[in-house]
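As a plain string of letters, each chain reads:
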Amino acid sequence: MSLPPHWKEVGGEGRVHRVMESTLTARDRVGVQDFVLLENYTSEAAFIENLRRRFGEKLIYTYIGSVLVSVNPYKDLEIYSKAHMERYRGVSFYEISPHIYAVSDNTYRAMRTERRDQCILISGESGAGKTEASKKILQYYATTCPVTDHMSTIRDRLLQSNPVLEAFGNAKTLRNDNSSRFGKYMDVQFDFRGAPIGGHILNYLLEKSRVVHQNHGERNFHIFYQLLEGGEQDQLSKLGLERNAQKYHYLVKGCCPRVSSINDKSDWKTVRKALTVIGFHEEEDLLNIIASVLHLGNTQFGEGEDGETQITTEPQLTYLSKVRTSNMNSTSSHRLTHSLILHFKGRCPLSFEQAVAARDALAKAVYGRAFTWLVAKINQSLLASYKGSSSVIGLLDIYGFEVFQHNSFEQFCINYCNEKLQQLFIKLTLKSEQEEYEAEGITWEPVKYFDNKIICDLVEEKHKGFISILDEECLRPGEPSDISFLEKLEDTLGGHAHFVTHKLANGKTRKAVGREEFRLIHYAGEVNYTVNGELANQSVNSRTAGSVICQSDNQILSQCFHREEVTTQKRPETAATQFKNSLAKLIEILMSKEPSYVRCIKPNDAKQSGRFDEALVRHQVKYLGLMENLRVRRAGFAYRRRYEAFLQRYKSLCPGTWPNWQGRLADGVATLVQHLGYKPEEYKLGKTKIFIRFPKTLFTTEDALEARRPALALTLQTSWRGYRERAKYHRIRNAVIQSAWRGMKSRRKARRRRHAAEIIRKFIKGFIYRHYERCPENEYFLDHQRFSFLMTLVRNPPKSVLDKSWPVPPPSLTEASEHLCRLCMQNMMRAYCRRIQPEWKKQMEQKVVASQIFQDQKDSYPQSVPKLFVASRLGREFNLKVIQTLVAVTKYDRRGYKARPRQLLLTSSFAVLVAEAKLKQRIDYAALRSISVSSLTDGFMVLHVPSEDNKQKSDVVLQCDHVIEVVTKLATMADKKNKVNISQDSIKFAVARGKEGVIDFTSGSELKVAKGKKGHLLVTAPQLNPR
Ligand SMILES: Nc1ncnc2c1ncn2[C@@H]1O[C@H](COP(=O)(O)OP(=O)(O)OP(=O)(O)O)[C@@H](O)[C@H]1O
Ligand SMILES: [Mg+2]
């Protein structure tokens, strides 16, 4: 890719760094990039010389502050690629060489960051490159702004609106092969993310006269030629057209239907495609309108026998009727007698000239309105569906100041428009300049400039202005004429410094102004306008024709010509007033936005690249007010820059600020300029910016920077090389360490894998040979089995003596396992015993005795096991030092079996039966022979004592709820553990000497004690656990 000359290539290991040369250092070779830096800024010659030098170097863009001056190169400079767009994206305005993309980007960023609507005003004379510039801006946004799928439709429509509008609104003129014959203001709407979401177009003053007449070497609007060249044959036949532009009067007035630089056929395809993208469905109706204009042009008139005008070309009428309504009634037909061409009876009451003029007026009206309709249609398709907050960038592509030999009403409107835009420019530029000084706290020095308000007032002032006089003249009763209008102008405006007529002028000027002319002294120069036909232009209104056309079946036409327009009694506005109003609206729109300016200049009239016609450029520099522009800009300070940017650029020039300034930016700049030796009158420090009054000061600084550069470059290069080598060394070192580490990791991993595979193999083999004698094949497996058995035991031994779980041992460890199990139990038991308390030990000992006596002998034994033995069962506390057991019992008399409640007290050497604190019976343990209990669940016990012993009262029959506890304790204390008899069915006991009693025991549902036959005591014990 070729690089623009202001980009240098700096190579380094094949990498290309594009480094932009400084704005200011490039000045010696190609002038200055910003005119405000021109030393001799008041000199027009210096200004033009700068333009010429840059143009010679193919540098077509130059700034005047924030205004971009663009010179048409008339050839593709290859500076509009995507890569160029990227370069300008997000880059500060002054940091990079001037370009239309810099303006586009700056405007876009201002819109996004400040959330303020923006507009870019593009002006210049025909062929200067306005439309191209506006297209470049649109393309920049289309390429660089973020878009979603849905938004891409809008983006495409925005781009495609251009070919359609150009087909219908552009034409080949002597100055430009693709001249826009209308003014265009386009709003592009962006959402909060900065994506294009919609648009709106306003069109101004289409040059309708071109529809019916073209100067020599010029053409009608492109669309006519495109249709004839590109349209399909059957389409043309349907429209009654032939593929030959020569056949149409409206197309041959300029004698050049074909132009080498224009390819109508391919343009037609582009237009059709664009119409599809826009979502256009009324194509047939639109083609009918284009065809009807051509047919109108071919409609001829002749003189009838009675001298009246007649239409002589019937075929055209046939086709024209297609465009119009089909059901004509007599009334409308009558009205049509005034609308000559559409008079189907063939006769016309107008004179020949009037008929021709009315025919042309109709053709112009139809085309003009269809064009306006088309713009509205495009606007519909660009309507944003997004309802959130949005901002707008407006693009104004409008005709520049024009001066011809003969200047008509249209030139007047164009120049009036430029006059208004100039006013806006002065207001906004001065205002913003002043605002900046105020914001920065700098004293503002008023600038002398020519305020063209006086000329704007001359044109538009109410009652006294040019347009008011024109309106008055057109609308007053009686026959207005151009001469009476001129006289009226002289009466009202005579004496105004900017208005001259032949009559008002004197001497030299009088010669220069014709009798049917008036001269306006515009801000950009003097222009003579002819009043010839002015009034006719204004007053021809298409009311009559409109009344017919609004009934048309053609959807577009019926929408263009409204019925109300025809029926209303209100006087229609003159073209001048309409233009004035639409211009006022435009100014209002522009005033509400932040403006940027692009001033386009045409280098030569021959459309040749590389040719710089100084006289022509001087003319434009004057008409565009560029010198004025520069003067305003330079009136204050030539150069201003934010502190951070200034410091960043020049900090290397002062040891105090190099390499970095740590304090406040303003102090840094002050230190820097002091070191540079700036004089107080040369600069001012604002709140955020430094303002430098003379370019010379800046150039000196820039030269110092240039001189310092080699040293800086050397330092940078050295540190860069050092950095690069260090980085390289680190890279290599890291790579070596990394690869060694990786190798080690991999080797370790491989080793582990090998080992694992070996173990698995051994394991499988061992499993297969597990039942064999120990051999090399199974030894690993068997060891592993043993190991894991032992480890299971270690990790999970039985927790208590009651836990009987034990892992299954491998066959080789069966014996060892048994030993271990036993050892483990013993160990646990020993530990248990060591832990046990004396009371609990006693309890256990008693329980052991109980089990020795009663286990499997007495039915109530199992229930007694969990119940602890206690010293007293009487529910009261006793001093149990002597008495060791105290329990409630029932004593049965031996003879009558009478039951008597007693307390049984056991001491260490005897037992005592007590009733109501009286000792009833004492049984010495020594005398106790034995104890008998039944095997059932009853609580009977018999204490056998020898009847021979007089101290004793023979055997004692007792019944107690805690028989096992009492018997156990008694047997222990009396040491009669072996003397406890457990009888199955009956117990015999001694009643008195030689006499015996018997207790019979049976099992039953509940405890019963009764006297049975033979004097036996019958005890029925509840059956709990049948044995
Ligand atoms: N930046 C550019 N690079 C290359 N060629 C350009 C550039 N700008 C303009 N041109 C050439 O100049 C011709 C005229 O430009 P353009 O149509 O934009 O002029 P204009 O100012 O819109 O004129 P008019 O007022 O007649 O519409 C273009 O067709 C193109 O050939
Ligand atoms: Mg144009």
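Owing to the predicted nature of the structure, the values given are computational and were not obtained by experimental measurement.

Procedures and definitions
Residues numbered from 1 in each chain as written. Chains lettered and ligands numbered in written order. Predicted model: local features only at pLDDT ≥ 70, side-chain atom pairs only at ≥ 80, totals over all residues. Heavy atoms only, no water. Axes fitted to C-alpha atoms, helices over the stretch in contact; angles between N-to-C directions. Helix = DSSP H or I, 4+ residues; strand = E, 2+ residues; numbered from the N terminus. Parallel < 35°, antiparallel > 145°, perpendicular 65-115°, else oblique. Left-handed = near helix turned anticlockwise from the far one by under 90°. Contact = heavy atoms within 4.5 Å. Nonpolar A, V, L, I, M, F, W, Y, C, P; charged D, E, K, R; others polar. Near = heavy atom within 4 Å. Polar contact = N/O pair within 3.5 Å; in protein donor to acceptor, adjacent residues only side chain to side chain. Areas by Shrake-Rupley, 256 points an atom, 1.4 Å probe, with all protein chains shown as cover. Pairing = 2+ DSSP bridges. Donors = N, O, S within 2.8 Å, 3.2 Å for Na, K, Ca; no water. Core = buried A, V, L, I, M, F, W, Y, C linked by side-chain atoms within 4.5 Å. Buried < 20%, exposed > 50% of the residue type's maximum accessible area, 1.4 Å probe, protein only. Salt bridge = Lys/Arg side-chain N within 4 Å of Asp/Glu carboxyl O. Bend = angle between axes of the 7 residues up to and from the residue. Patch = residues over 30% accessible without salt bridge, like charges linked within 9 Å, V, L, I, M, F, W, Y side chains within 5 Å. Lys, Arg positive; Asp, Glu negative; His and termini not counted. Charge placed at Lys NZ, Arg CZ, Asp CG, Glu CD. pLDDT = per-residue confidence, 0-100.

It is at 9 Å that the axes of helix 11 (residues 283–298) and helix 14 (residues 352–382) come closest, and there the two elements cross at 160°. Between helix 11 and helix 14, the angle falls in the class roughly antiparallel. In the packing of helix 11 onto helix 14, the handedness of the crossing is left-handed. Between helix 11 and helix 14, the contacting residues are Leu286, Ile289, Val293, Leu296 and Gly297 on the first element and Arg359, Leu362, Ala363, Val366, Tyr367, Ala370 and Leu374 on the second. Tallied by class, residues from the contact of helix 11 with helix 14 come to 10 nonpolar, 1 polar and 1 charged.

Moving on, we get to the site of ligand 1. Contacts to ligand 1 come from 17 residues, most closely from Ser126, Lys130, Thr131, Ser179 and Ser180. In this structure, asparagine 72 approaches ligand 1 through a side-chain N or O atom, which is 2.8 Å from an oxygen atom. Taking glycine 127, its main chain carries an N or O atom lying 2.8 Å from an oxygen atom of ligand 1. The protein chains hide 85% of the 620 Å² of surface that ligand 1 would expose on its own. Those elements that provide at least two residues to the shell around ligand 1 are helix 5 (130–144) and strand 7 (179–180). Top contributing element to the shell around ligand 1 by residue count: helix 5, with 3 residues.

A word on the sheet that holds strand 18 (residues 639–642). Across a sheet, paired strands are connected by hydrogen bonds in the backbone, their directions being either parallel or antiparallel. Taken together, the 3 strands give an open sheet; going across it, the order is 18-20-19, and neighbouring strands pair in antiparallel fashion. Both edges of this open sheet fall to strand 18 and strand 19 (683–685), since each of them pairs with a single strand only. Each neighbouring strand pair of the sheet contributes to a mean axis angle of 15°, computed without reference to strand direction. Relative to strand 20 (residues 689–692), strand 19 runs antiparallel, the two being bridged by 3 bridges. In the sheet register, leucine 685 faces strand 20, and the bridge partner there is isoleucine 690. In this fold helix 27 (residues 643–650) packs onto strand 18, strand 19 and strand 20, with an angle of close to 95° to the strand it touches most, strand 18. Helix 28 (residues 665–676) rests against strand 19 and strand 20 of the sheet, and its axis sits at about 160° to strand 19.

This brings us to the coordination of the magnesium ion (ligand 2). Only Thr131 (OG1) and Ser180 (OG) from the protein coordinate the magnesium ion (ligand 2), and they sit 1.9 to 2.1 Å from it. Residue threonine 131 is located in helix 5, and its partner serine 180 is located in strand 7; the two are separated by 49 residues in the primary sequence.

Moving on, we come to the nonpolar core. Within the largest apolar cluster, 172 residues are counted, with the highest numbers of intra-cluster contacts made by Phe47, Leu51, Phe168, Phe224 and Phe646. In this structure, Tyr861, Ile923, Val945 and Val967 belong to the second largest nonpolar core, which totals 31 residues.

Our focus in this paragraph is unusual backbone geometry. Residue proline 659 is bonded to the preceding tryptophan 658 through a cis peptide linkage, with omega at 0°. Within the element layout of this structure, proline 659 appears in the loop between helix 27 and helix 28. Notably, tyrosine 74 is not glycine yet its phi reads approximately 55°, a positive angle. Its identity is not glycine, yet glutamate 78 carries a phi of approximately 55°, on the positive side. Along the chain, glutamate 78 falls in the loop between strand 4 (67–71) and helix 3 (82–88).

Here we come to the pattern of salt bridges. Applying the stated criterion across every chain, the model contains 44 salt bridges. With a closest N to O distance of 2.8 Å, arginine 109 and aspartate 105 form a salt bridge. Taken as a pair, arginine 109 and aspartate 105 lie in helix 4 (residues 100–114) at a separation of 4 residues, close to a single helical turn. With relative accessibility at 27%, the residue arginine 109 sits in the partly exposed group. For aspartate 105, a relative accessible area of 2% translates into the label buried.

One turn of an α-helix holds 3.6 residues; hence residues three or four places apart share an orientation. Where helix 29 (residues 695–768) bends most, the angle comes to about 40°, and this point is arginine 709, followed within four residues by the proline proline 710. What helix 29 keeps buried is the set Pro695, Thr697, Leu698, Phe699, Thr701, Glu702, Leu705, Leu712 and Gly766.

What follows is about a positive patch on the surface. Positive charge collects at one region of the surface, where Arg742, Lys745, Arg747, Arg748, Lys749, Arg751, Arg752, Arg753 and Arg754 lie side by side. In this fold, arginine 753 is placed in helix 29.

Turning our attention to the side chain of serine 954. One can find serine 954 in the loop between strand 26 (940–944) and strand 27 (956–959). Polar side-chain contacts of serine 954 include one of 3.0 Å to the backbone oxygen of alanine 990. A distance of 3.5 Å separates a polar side-chain atom of serine 954 from the backbone oxygen of valine 991.

So, on to the confidence of the model for the protein. On average, residues of the protein carry a pLDDT of 84, and 86% of them reach 70 or more. Note on residues 1–28: pLDDT is under 50 here. Beyond four places in sequence and across chains, it has 58 contacts. Below pLDDT 50 for its whole length, residues 324–346 participates in 52 contacts with residues either more than four positions away or in separate chains.

Turning our eyes to something else, we now look at the environment of serine 817. Counting through the fold element by element, serine 817 comes out in helix 31 (residues 814–835). Residue serine 817 is classed as buried on the basis of its relative accessible area of 4%. Discounting residues that sit within four places of it in the chain, serine 817 has contacts with Phe789, Trp806 and Pro809. Within polar-contact distance, the side chain of serine 817 engages the side chain of tryptophan 806 at 2.8 Å.

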